[in-house]
Structure formats: structure tokens, C-alpha cells
Amino acid sequence: MEIVEGIGIGFAAVIAALLILFARRALVTRTGGIIRLSVRVSTMLDGRGWSPGFGRFAGDELRWYRMFSFALRPKLALSRKTLVVERRRLPEGQERLSMPADWVILRCTSQCAPVEIAMARSTVTGFLSWIEAAAPGAASPRLASQDWPAA
């Protein structure tokens, strides 16, 4: 009888965790402007350290949420005012195994800290337009290099 109770409690805990995970995702994604986005959280090993998630545009911020997390707050928030795209490249080596083939990696600087983000090629255009969009008269170099290689 104790084994059956233990299995029942374990099963209930797994179901509760899944419900919380899906409820969190529903709360975060309830407003539009959601994109699939991976962020490189570790550079210890070449080509590794990518964490899948999704980004949400909220005013002048791109908020990144980990895919498999219970947190309601974003893990990373990139401000449009301080974000500069340095370069873009295609996935190389191990990266080709961890992300879809049509994704592009953007190396950005945000508040003097480098960050690498990966997204679908079709999403890059909208992302770059969002970065360049600013209030009238607020001219600032958002893109460090205009001579990027064709991706």
C-alpha cells in the first residue's frame, strides 16, 4: 500500500510541475510579439552553451525567457537603447547540431557586455528593424557594421 501511495504522490508532483510550467508559459506569452530565440549563456566550450527560449518585445526591451523554467520573470532583458549588433554569422561546428539549419547568430553588445543570440533568418529582419526604430530625433548608431556577409 505504501508503494502505491508513493507512486501516486510522485505522479501528482509531476503533473503539478507540468501544469505550473504550462501556466507560466501561458502568462508570459499572452500578449503578442513572441519569437523563438536562443541565447548563449556559457562560452566555456566552443560552439556550446546555447539555451533555447523565447523572446517577447515589451516597449524598448526584448525580454528573454528560458524554455524550461518555472520563473515568471525574464532571464535576460536587452534594452533597445543600449543594444548594438556587432556582426552576424551562420552556426558553425557543434552549433549546427543544437539549432535549426535556417538560424542566424547575432553577436551583440548590451550595456558593455557581449551577448550572442540566435534566431530564424526570417526573424532577423524584424529584429533589426525593431533595433533601428527609435523616437524621432533619437539618432544613434544601432548597427556597428553595415557590410555583413550575406547569410
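Above this text you will find the structure in question.
A brief structural summary. Quantities reported herein were computed from a predicted structural model and do not represent experimental measurements. (Residues numbered from 1 in each chain as written. Predicted model: local features only at pLDDT ≥ 70, side-chain atom pairs only at ≥ 80, totals over all residues. Heavy atoms only, no water.)

## Some details on the overall build of the protein chain
Helix and strand counts for the protein chain come out as three helices and seven strands. Counting from the amino terminus, helix and strand elements in the protein chain follow one another as α-β-β-β-β-β-α-β-β-α. Across the protein chain, the fraction of contacts at a sequence separation of at least 24, relative to all contacts at a separation of at least 6, is 46%. Working note: accessible area of the protein chain is about 9400 Å², and carbon and sulfur atoms make up 60% of it. (Helix = DSSP H or I, 4+ residues; strand = E, 2+ residues; numbered from the N terminus. Contact = heavy atoms within 4.5 Å. Areas by Shrake-Rupley, 256 points an atom, 1.4 Å probe, with all protein chains shown as cover.)

## Description of helix α3 (residues 121-132)
The end-to-end C-alpha distance of α3, which contains 12 residues, comes to 17 Å, matching closely the 16 Å that a straight helix rising 1.5 Å per residue would cover. Thr-123, Val-124, Phe-127, Leu-128, Trp-130 and Ile-131 are the residues of α3 that are buried. Projected down its long axis, α3 carries its buried residues within an arc of 155°, all on one side. Among the exposed residues of α3, those pointing more than 90 degrees away from its buried face are Ser-122 and Thr-125. (Expected span 1.5 Å × (residues − 1). Buried < 20%, exposed > 50% of the residue type's maximum accessible area, 1.4 Å probe, protein only. Arc of directions from axis to C-beta.)

## Brief notes about the sheet that holds strand β2 (residues 50-58)
If you walk across this open sheet you meet the seven strands as β4-β3-β2-β1-β7-β6-β5, and the pairing is antiparallel. This sheet does not close on itself; its edge strands, each paired only once, are β4 (76-79) and β5 (83-89). If you compare each strand with its neighbour and ignore which way they point, the axes differ by 35° on average. In this sheet, β2 lies alongside strand β1 (residues 34-40) in antiparallel orientation, the contact comprising seven bridges. (Pairing = 2+ DSSP bridges. Axes fitted to C-alpha atoms, helices over the stretch in contact; angles between N-to-C directions.)

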